[in-house]
Amino acid sequence: MGKIFRYECRRLLWNKFFLGLLLVLLFYGWQVLTGATMLGVSHTAPFSPWSFGDYLSRMLPLLWIGGLFFLTFFTSGKARRVAVLTDAAPMESRRYSLTRCAAALTGTGLLALAVLAEAAVFYGRYFGWYDWGQLALPALVTLVPPLVFALGSGWLLGRVRPYLLYVWMLVPFVLAALPLPDALSLWNGSFFTDYPLTLGTLDPAFTAPGGALLLQGAVLAAGVALLMLRRKNHPATRRG
């Protein structure tokens, strides 16, 4: 399966789409860092967990789109025609599905790492600041649950109808336009601008209410469950 994984990674990453998306991410990320993050959010320092989280929440829609675009490589009409050949291959369909899923997760992870690396360059260049330990928690809470859920839900929707992946790409933009409750505020970025103002201190340490953390954990669990459900009930090599 290692050879298949490497092949799928090359197919996802060694193409104009990945390079173009990476360039768009880096360009937009630098605009956010120099135009918004540099000023700090809610009276916090530019390198505070709150300003950093605001940066990540602004980048999340593009990362969500990137992860779903990776899945289109496996759910397109061409991929369905190739599935006729893979059905005859001497391999377990669930392992093949897992390998493809791992490749999509790898591609999404690389995009997220590029976003984090750009922030590291920004903080080092403008502020000489390298204390990344305090930013690990907001990065994990902000990025991991929604991106895993994007892959899990997209993996299922794309096999039902490929065009649903493109509709699903609009979800972050719809959420950003809605007045979400506090438990969902991590999904539209308002958490990082509103919640620190309620803590009553200047530049407070990062913390999150239990409801928001519980919801993020549920989203992460749902994403993993959808990936597992997809492999069990809808094999990736099923004829379509």
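Residues numbered from 1 in each chain as written. Predicted model: local features only at pLDDT ≥ 70, side-chain atom pairs only at ≥ 80, totals over all residues. Heavy atoms only, no water.

### Here we look at unusual backbone geometry
Look at Ser-42: it is not a glycine, yet its phi comes out positive at around 55°. Taking the relative accessible area as the measure of exposure, Ser-42 reaches 19% and is therefore buried. Backbone geometry at Asp-203 places phi at a positive 50°, although glycine is not the residue there. Summarising the element assignment, Asp-203 is placed in the loop between helix H9 (190-194) and helix H10 (210-233). (Buried < 20%, exposed > 50% of the residue type's maximum accessible area, 1.4 Å probe, protein only. Helix = DSSP H or I, 4+ residues; strand = E, 2+ residues; numbered from the N terminus.)

### Thoughts on the environment of Met-169
Assignment of secondary structure puts Met-169 in the loop between helix H7 (164-168) and helix H8 (171-176). The residues touching Met-169, leaving out its near neighbours within four places in the chain, are Trp-64, Ile-65, Leu-68, Phe-69 and Thr-72. (Contact = heavy atoms within 4.5 Å.)

### Digging into the side chain of Ser-42
Take Ser-42: it is sitting in the loop between helix H2 (16-35) and helix H3 (49-75). Among the polar contacts made by the side chain of Ser-42, one reaches the main-chain carbonyl oxygen of Thr-193 at a distance of 2.4 Å. Filtering out sequence-adjacent residues up to four positions away, Ser-42 remains in contact with Phe-192, Thr-193, Asp-194, Pro-196 and Leu-197. (Polar contact = N/O pair within 3.5 Å; in protein donor to acceptor, adjacent residues only side chain to side chain.)

### Regarding the packing of aromatic side chains
Scanning all chains against the criterion turns up 29 aromatic pairs. Ring centres of Trp-50 and Tyr-195 lie 6.2 Å apart, and the angle between their planes is 45°; this geometry places the pair in the tilted category. Of the two residues, Trp-50 sits in helix H3 while Tyr-195 sits in the loop between H9 and H10, which places them 145 residues apart along the sequence. Residue classification places Trp-50 among the buried residues on the basis of a relative accessible area of 0%. (Phe/Tyr/Trp six-rings, centres within 6.5 Å; stacked < 30°, edge-to-face > 60°.)

### What about the packing of H3 against helix H6 (residues 136-160)?
Relative to each other, H3 and H6 sit at 20°, their axes nearing to 9 Å. Classed by the angle they form, the pair H3 and H6 counts as roughly parallel. Considering only the axes of H3 and H6, their crossing is right-handed. In terms of residue class, the contact of H3 with H6 is made up of 18 nonpolar, 7 polar and 1 charged. (Axes fitted to C-alpha atoms, helices over the stretch in contact; angles between N-to-C directions. Parallel < 35°, antiparallel > 145°, perpendicular 65-115°, else oblique. Left-handed = near helix turned anticlockwise from the far one by under 90°. Nonpolar A, V, L, I, M, F, W, Y, C, P; charged D, E, K, R; others polar.)

### Examining H2
Between its first and last C-alpha, H2 extends 28 Å over 20 residues, near the 28 Å set by a 1.5 Å rise per residue. Considered for burial, the residues of H2 that qualify are Phe-18, Leu-21, Leu-22, Leu-25, Gly-29, Val-32 and Leu-33. When H2 is viewed along its axis, its buried side chains cluster within an angular range of 100° and face the same direction. When the buried face of H2 is taken as reference, the exposed residues oriented beyond 90 degrees from it are Lys-16, Leu-23 and Phe-27. Of the residues flanking the start of H2, the one acting as N-cap is Asn-15, its side-chain oxygen 2.9 Å from the backbone nitrogen of Phe-17. (Expected span 1.5 Å × (residues − 1). Arc of directions from axis to C-beta.)

### Examining the confidence of the model for the chain
Taken as a whole, the chain shows an average pLDDT of 86; of its residues, 87% reach a score of 70 or greater. Across residues 230-240 the pLDDT falls below 50, and counting only partners more than four positions away or on other chains, this stretch makes 29 contacts in the model. (pLDDT = per-residue confidence, 0-100.)

### Some words on the nonpolar core
Core analysis: the biggest nonpolar cluster contains 58 residues, and Phe-52, Tyr-55, Leu-63, Leu-71, Leu-111 and Trp-187 have the highest contact counts within it. Of all elements in the fold, only helix H1 (2-13), H2, H3, helix H5 (93-127), H6, H8, H9 and H10 reach the threshold of two or more residues within this core. Per-element accounting of this core gives the leading share, 14 residues, to H3. Apart from the residues within four sequence positions on either side, Trp-187 is in contact with Trp-64, Pro-146, Phe-149, Leu-175, Leu-180, Gln-216 and Val-219. (Core = buried A, V, L, I, M, F, W, Y, C linked by side-chain atoms within 4.5 Å.)

### With respect to the environment of Phe-17
Tracing the chain through its elements places Phe-17 in helix H2. Judged by relative accessible area, Phe-17 falls into the partly exposed class, the value being 25%. Once the C-alpha coordinates of Phe-17 and Gly-66 are considered, the two residues, 49 residues apart in sequence, prove to be 9.4 Å apart. Apart from the residues lying within four places of it in its own chain, the contact partners of Phe-17 are Gly-66, Phe-69, Phe-70 and Phe-73.

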